[in-house]
Amino acid sequence: MNYTDTTIAATTPFLSLENVRKTYPGVVALDGFSMEVRPGEVIGLVGENGAGKSTLMKILGGVTTPDTGTITVDGNAHNSLSVEASLGSGIAFVHQELNLFDNLDVAANIFFGREPLRAGPLKLVDRARLREMVAPLLKRVGANFSADTQVADLSLAQQQMVEIAKALSIKARLVILDEPTSSLPIAETDKLLDVIKALKADGISVIFISHRLHEVERVADRVVVLRDGMLAGTLGKRDINHDQMVKLMIGRMLKEREKASEAARAPGATALAAKAVRTPTYPGRPVDLDVRRGEILGLAGLVGSGRTELARVFFGIDGSLGGTLELDGKPLALGSAADAVAHGIFLVPEDRKLTGILLDFSIAQNISLPNLPAHAKHQLVSASAETATAETQKKNLGIKAPSVATRTGTLSGGNQQKVVLGKWLAMNPKVMILDEPTRGIDIGAKAEIYGLMRALADAGVAVLMISSDMEEVIGVSDRIAVMHEGQISGILDKDQFSQENVLLLAVGKQPK
Amino acid sequence: MSKKDLGLLILILVVGAIVAIINPRFLLPINLANTSNLIGLFGILSIGQAFVIITGGIELSVGSLVALLGTLFIDFIAVRGMEWPLAFVLILLLGAIIGLAHGWLITRLKLQPFVVTLCGLLIYRGVARFYTADGTAGFAFGQNFPDLEFLTAGRSYGVPNSFIALIVIAIVMWVVLHRSVFGRYLYAIGKNEEAAKYSGIRTGRIVMAAYVICGVLTALSAIYFAMYTRSISPASHGQFYELYAIAAAVLGGFSLRGGEGSLIGVILGTVLLQELQNLVNLLGIPSSLNFAVMGGVILIGVLVDQQWGVFRARRLMIDAARKNVAGAPAE
Ligand SMILES: Nc1ncnc2c1ncn2[C@@H]1O[C@H](COP(=O)(O)OP(=O)(O)OP(=O)(O)O)[C@@H](O)[C@H]1O
Ligand SMILES: [Mg+2]
């Protein structure tokens, strides 16, 4: 262990964990872990998928109880915290998975159960007061929507902001952010990092969990690295850098950052073509787009620019309001996702919990689901065939789980994402659409997924990758299409790639 | 058999033993035969309901359908002189068509299952009463259908044929629900319809098929009920049967949210319900309390099941923790 921290060591810790252990059936999620949090300190918490980061935070949030170990808050030792005790001591918690009520508006969500009430026997909610209380919080997170917007109408990134505002609404002394930026594009991410800095300035501690190491580099005073439930090391402010973190995370140096080979590829024939396709969200904006065989086409744009909506049309979930789709030059009519799947068009959706996987199904059952008849004889499912397919995917993707019979809902976020990928990779894709494919995925697995996408492309698959991660879009794509308010505002070829050009197109301006 | 089902089976045996001790008539062959006949009739109905509930839906019209289809069946063979096998097939077909219509309204027009089938409940009851002009459908004196009567109300080796029919249907439907591709799709849809759709499942068709299965099984049980009572007054025949079916499924471990439950569970649920009916009769409990007893037992059953689940989850955690601590070597 290289405990090199000396900067804030003098301050007494607000909170400390000692020898915390947490097991689940078949898994040791945390194994004798200790750490301290001091007032006004920003701690970056990093580690591979399944390393135990979320588990640690759930213990602090009082959502789960550790098997053994001590949690000390303000000098008082506890075996575990309850949710009330956690909130009471000022620990605010933003979960990795969003937990908002779709059918309520922003203000109601932020102060759910704590609404200011009007005087009188009816105890009506004081809407005016509520708005007053919510406004500064929204301002603090830099929200561009009003307090009475329905949550269902917000994008994922905007919902993330609501979650953070909610965390700020209690008098927090420690704010825990579990992968808050995984669904945020650059501009919003910057805002969030500013929020973190502002919190620090107010003397509030922050634990910031992220797989985007350069963000951790930018804000953390100290980095705690978890590996297999154990403390792999701590880095003080001066020692925080990308390579050090990776080394501690995976126990070795990553050979080289995966980059798309620079060699120009001869573009293949067009696989999927959209001609004047109009999505239900932007009915007035026809989209033309070609995805060629053997290429990775990056689809960039701001949140709400209509990328996911376009993917839904390509996958047959939504009907196009006009225009035509073509597959290999032949007209393509999609009445449902089933039609798309039958044509070899697959989608890894943006929201894995809602649409990507069945949390209650096992890994094997999830992976076989889209191709179940192939795992059945005379319409009867063969469990051994399912297991065989799932084992292959588990091995290829490095899915971390006790077995393929494990319930998918118990996997860590990143491993769930790999299950979604696995179910399509087990079939023969012709067009593979990936909507934010590396969201919440650790750096090692990210490189693997980029490798997989490249291998698919090399095998002649047309790959369409929607991503808000600028590095990813530029590093992985062969061409980049940028969307702005429902339309393709431009397509960049490899020699035009730059962050600036993508951003210019994303706001509807011309590239340089 | 899952632990849940096993618990239910034990409950059935315990209740049976208690009733038998208090009133030995419980074990008389005639009583057992009567009860198993009813289990057969309600079991077929409940399996149909179970297929709908597993998708997260509900079918409230089955009681009225038992009345309408039973009335039609008797009318076809007793009044219109139709050959009974033809009438039999026609009634099943009618059940399928009605199921298809419900499924279509629910999946294509996006109406709520509760609403669609509640309307069905009212409509079919009304139609049945209108059809007989609020009279009674029955057989004329001396009218006999030996084959049909044997198959529906007869016995083989003392076992009611309706019960045997249930066993056969249960085995087939067990395979369909727990082993087939279709069954897996049903569970997938019940657990998360969106995710099932995104996995390329034609969810609409599968849900429709579930309602068709329910319609056919309801039609079949309608014939059995008709041949059991032999005369039908559509105003009351089959009333509340949908609730018996739903109750059997809930007792058997089905969640009304969908995606949960087993075929053995719904059968055991039916058995327990009929045992309770029998208990009310045999123990001299006023029959007006019938529903109250049923409701009470279901509530207790669901409560125990839920609390037990919480307890078991906790114990599993503790066990795992112990095992891991004990098994962790000094590294
Ligand atoms: N409720 C649960 N039941 C069983 N196992 C669980 C449960 N929750 C977490 N685990 C397991 O504990 C381990 C740690 O999971 P955790 O969610 O803490 O990882 P993580 O570091 O947050 O990963 P990620 O970066 O993918 O979010 C994983 O192996 C996971 O499968
Ligand atoms: Mg996590």
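Source: prediction; values computed, not measured.

Draft legend 1. Region of the structure containing the overall build of chain B. Each helix and strand counted, chain B has 13 helices and four strands in total. Relative to its length of 331 residues, chain B is compact, with a C-alpha radius of gyration of 22 Å against a globular reference of 20 Å. With respect to the principal axes defined by its C-alpha atoms, chain B has extents near 85 × 55 × 35 Å. The buried share of chain B, reckoned over its 331 residues, is 51%. For chain B, contacts bridging at least 24 residues in sequence account for 78% of all contacts bridging at least 6. Summed over all atoms, the accessible surface of chain B reaches about 15,500 Å², with 69% contributed by carbon and sulfur. If you average the places of the 22 positive and of the 15 negative side-chain charges in chain B, the two averages end up 7 Å apart.

Draft legend 2. Structural context of the interface of chain A and chain B. Across the boundary between the two partners, chain A contributes 37 residues, which contact 25 residues of chain B. The largest contributions to the chain A side of the interface with chain B come from T355, L358 and L369 of chain A, which together make up 18% of the buried area. Seen at the junction of chain A and chain B, the total is three salt bridges. For the salt bridge of R184 of chain B with E386 of chain A, the shortest nitrogen-to-oxygen distance reads 2.6 Å. At the level of secondary structure, the elements contributing two or more residues to the side of chain A that touches chain B comprise β1 (15–24), β2 (27–37), α10 (337–342), α11 (352–356), α12 (363–368), β18 (380–381) and α14 (413–425) of chain A. Tallied by class, the residues present in the side of chain A that touches chain B amount to 23 nonpolar, six polar and eight charged.

Draft legend 3. Layout of the packing of helix α3 (residues 62–79) of chain B against helix α10 (residues 203–229) of chain B. Residues and elements named next belong to chain B. Viewed as axis vectors pointing N to C, α3 and α10 meet at an angle of 60°, and their least axial separation amounts to 8 Å. The orientation of α3 with respect to α10, classified from their angle, is oblique. Two packed elements cross with a definite hand, and for α3 against α10 that hand is right-handed. Touching V62, L65, V66, L69, G70, F73 and I74 of α3 are C214, T218, A219, S221, A222, I223, F225, A226 and M227, all from α10. Classifying every residue of the contact of α3 with α10 by side-chain character gives 13 nonpolar, three polar and no charged.

Draft legend 4. Representation of the site of ligand 1 within the structure. All names here are of chain A. Contacts to ligand 1 come from 19 residues, most closely from G50, K53, S54, T55 and H211. A distance of 3.2 Å is found between an oxygen atom of ligand 1 and a backbone nitrogen or oxygen belonging to A51. One of the side-chain nitrogen or oxygen atoms of E179 is found 3.4 Å away from an oxygen atom of ligand 1. Within the complex, the protein chains bury 89% of what would otherwise be the 640 Å² of accessible surface of ligand 1. Contributing elements (two or more residues each) for the shell around ligand 1: β2, α1 (53–60) and α14. For the shell around ligand 1, the leading source of residues is α1, giving three residues.

Draft legend 5. The domain arrangement of chain A, seen in detail. Residues and elements named next belong to chain A. As assigned here, chain A comprises domain 1 (1–90 + 173–252), domain 2 (100–169) and domain 3 (270–506). If you average the C-alpha positions of domain 1 and of domain 2, the two centres end up 27 Å apart. For the pair domain 1 and domain 2, the interface holds one salt bridge. The partner of D202 in a salt bridge is R140, with the nearest N and O atoms 3.2 Å apart. Inspection of the region where domain 1 meets domain 2 yields one residue pair in polar contact (both at pLDDT 80 or more). Elements that contribute at least two residues to the side of domain 1 that touches domain 2 include exactly β7 (174–178) and α6 (186–201). The element that contributes the greatest number of residues to the side of domain 1 that touches domain 2 is α6, accounting for five residues.

Draft legend 6. Looking closely at the sheet that holds strand β19 (residues 431–435) of chain A. Residue and element names in this part refer to chain A. Here we have six strands laid out as an open sheet, ordered β16-β19-β20-β13-β21-β22, and mixed in their pairing. Every interior strand has two partners, whereas the edge strands, β16 (345–348) and β22 (487–493), have only one. Sheet twist, expressed as the mean angle between neighbouring strand axes with direction ignored, is 20°. For β16 and β19, the ladder comprises four bridges, and the chain directions are parallel. Among the inter-strand pairings, L347 is bridged to a residue of β19, identified as I433. Strands β13 (296–301), β21 (479–484) and β22 of the sheet are contacted by helix α17 (residues 499–506), whose axis makes an angle of about 30° with β21.

Draft legend 7. Highlighting the sheet that holds strand β11 (residues 270–277) of chain A. Residue and element names in this part refer to chain A. The sheet built from four strands is open, its strands ordered β12-β11-β14-β15 with antiparallel pairing. Two strands close off the open sheet at either side, each with one partner strand: β12 (287–292) and β15 (330–332). Each strand axis lies, on average, 20° off the axis of its neighbour in the sheet, ignoring direction. Examined bridge by bridge, β11 and strand β14 (residues 324–327) share four bridges and lie antiparallel to one another.

Draft legend 8. How the structure looks around the nonpolar core. Counting 98 residues, the largest nonpolar core has I47, F51, L263 and V266 of chain B as its most contacted members. Considering each element in turn, this core owes the most residues, 15 residues, to α10 of chain B. Other than its neighbours up to four places away in sequence, F51 of chain B contacts M173, V176, L177, F182, L186, A210, I213 and L263 of chain B. One finds A364, L397, L425 and I441 of chain A within the second-largest nonpolar core, a separate group that totals 64 residues.

Draft legend 9. Representation of the packing of α3 of chain B against helix α4 (residues 84–107) of chain B in the model. All names here are of chain B. Two numbers describe how α3 lies on α4: the axes approach to 9 Å, and their chain directions differ by 155°. If you check the angle between α3 and α4, you find them roughly antiparallel. The interaxial crossing formed by α3 with α4 has right-handed handedness. Contacts from L65, L69, L72, F73, F76 and I77 of α3 reach α4 at W84, A87, F88, L90, I91, L94, G95 and I98. The residue makeup of the contact of α3 with α4, split by class, is 13 nonpolar, one polar and no charged.

Draft legend 10. Expanded view of the packing of aromatic side chains. Throughout the structure, instances matching the rule amount to 13 aromatic pairs over all chains. Taken together, a centroid distance of 4.5 Å and an interplanar angle of 35° make the contact between F101 of chain A and F112 of chain A tilted. With F101 of chain A in the loop between β6 (91–94) and α3 (106–110) and F112 of chain A in the loop between α3 and α4 (127–140), this pair connects stretches of sequence that are eleven residues apart. Where F225 of chain B meets Y241 of chain B, the ring centres are 4.9 Å apart and the plane angle is 45°; that geometry is what we call tilted. Of this pair, F225 of chain B sits in helix α10 while Y241 of chain B sits in helix α11 (residues 241–251), placing them 16 residues apart in sequence. By the burial criterion, F225 of chain B is buried, and Y241 of chain B matches it. Through successive ring pairs, a cluster of aromatic residues spans F42, F225, F240, Y241, Y244 and F291 of chain B. One Lys or Arg, K22 of chain A, reaches over the ring of Y24 of chain A and ends 5.1 Å from the middle of that ring.

Draft legend 11. Focus on unusual backbone geometry. The backbone phi angle of E436 of chain A is positive, close to 50°, even though this residue is not glycine. On the secondary structure map, E436 of chain A appears in the loop between β19 and α15 (443–458). For E436 of chain A, a relative accessible area of 7% translates into the label buried. Within the chain, Y157 of chain B stands out as a residue other than glycine whose phi angle is a positive 50°. Here Y157 of chain B is to be found in the loop between β2 (155–156) and β3 (159–160). A relative accessible area of 86% means that Y157 of chain B is categorised as exposed.

Draft legend 12. Representation of the confidence of the model for chain B in the model. All names here are of chain B. Per-residue confidence for chain B gives a mean pLDDT of 91; residues scoring 70 or more make up 94%. Considering each helix and strand of chain B separately, the mean pLDDT is smallest for helix α13 (residues 290–327), with a value of 71, and largest for α4, with 98. Segment residues 325–331: pLDDT under 50, and two contacts once partners within four positions in sequence are set aside and those in other chains are kept. Here the prediction assigns the complex a pTM of 0.83, and the interface score ipTM is 0.87.

Draft legend 13. Structural view of the pairing of β22 of chain A. Here β21 of chain A runs beside β22 of chain A; their pairing, made up of six bridges, is antiparallel. Each bridged residue has a counterpart across the sheet, and for R479 of chain A the counterpart in β22 of chain A is D493 of chain A.

About the criteria used
Residues numbered from 1 in each chain as written. Chains lettered and ligands numbered in written order. Predicted model: local features only at pLDDT ≥ 70, side-chain atom pairs only at ≥ 80, totals over all residues. Heavy atoms only, no water. Helix = DSSP H or I, 4+ residues; strand = E, 2+ residues; numbered from the N terminus. Rg over C-alpha atoms; globule rule 2.2 N^0.38 Å. Buried < 20%, exposed > 50% of the residue type's maximum accessible area, 1.4 Å probe, protein only. Contact = heavy atoms within 4.5 Å. Areas by Shrake-Rupley, 256 points an atom, 1.4 Å probe, with all protein chains shown as cover. Lys, Arg positive; Asp, Glu negative; His and termini not counted. Charge placed at Lys NZ, Arg CZ, Asp CG, Glu CD. Buried area = accessible area lost by both parts, 1.4 Å probe. Salt bridge = Lys/Arg side-chain N within 4 Å of Asp/Glu carboxyl O. Nonpolar A, V, L, I, M, F, W, Y, C, P; charged D, E, K, R; others polar. Axes fitted to C-alpha atoms, helices over the stretch in contact; angles between N-to-C directions. Parallel < 35°, antiparallel > 145°, perpendicular 65-115°, else oblique. Left-handed = near helix turned anticlockwise from the far one by under 90°. Near = heavy atom within 4 Å. Polar contact = N/O pair within 3.5 Å; in protein donor to acceptor, adjacent residues only side chain to side chain. Domains from an automatic or database assignment. Pairing = 2+ DSSP bridges. Core = buried A, V, L, I, M, F, W, Y, C linked by side-chain atoms within 4.5 Å. Phe/Tyr/Trp six-rings, centres within 6.5 Å; stacked < 30°, edge-to-face > 60°. Lys NZ or Arg CZ within 6 Å of the ring centre and 35° of its normal. pLDDT = per-residue confidence, 0-100.

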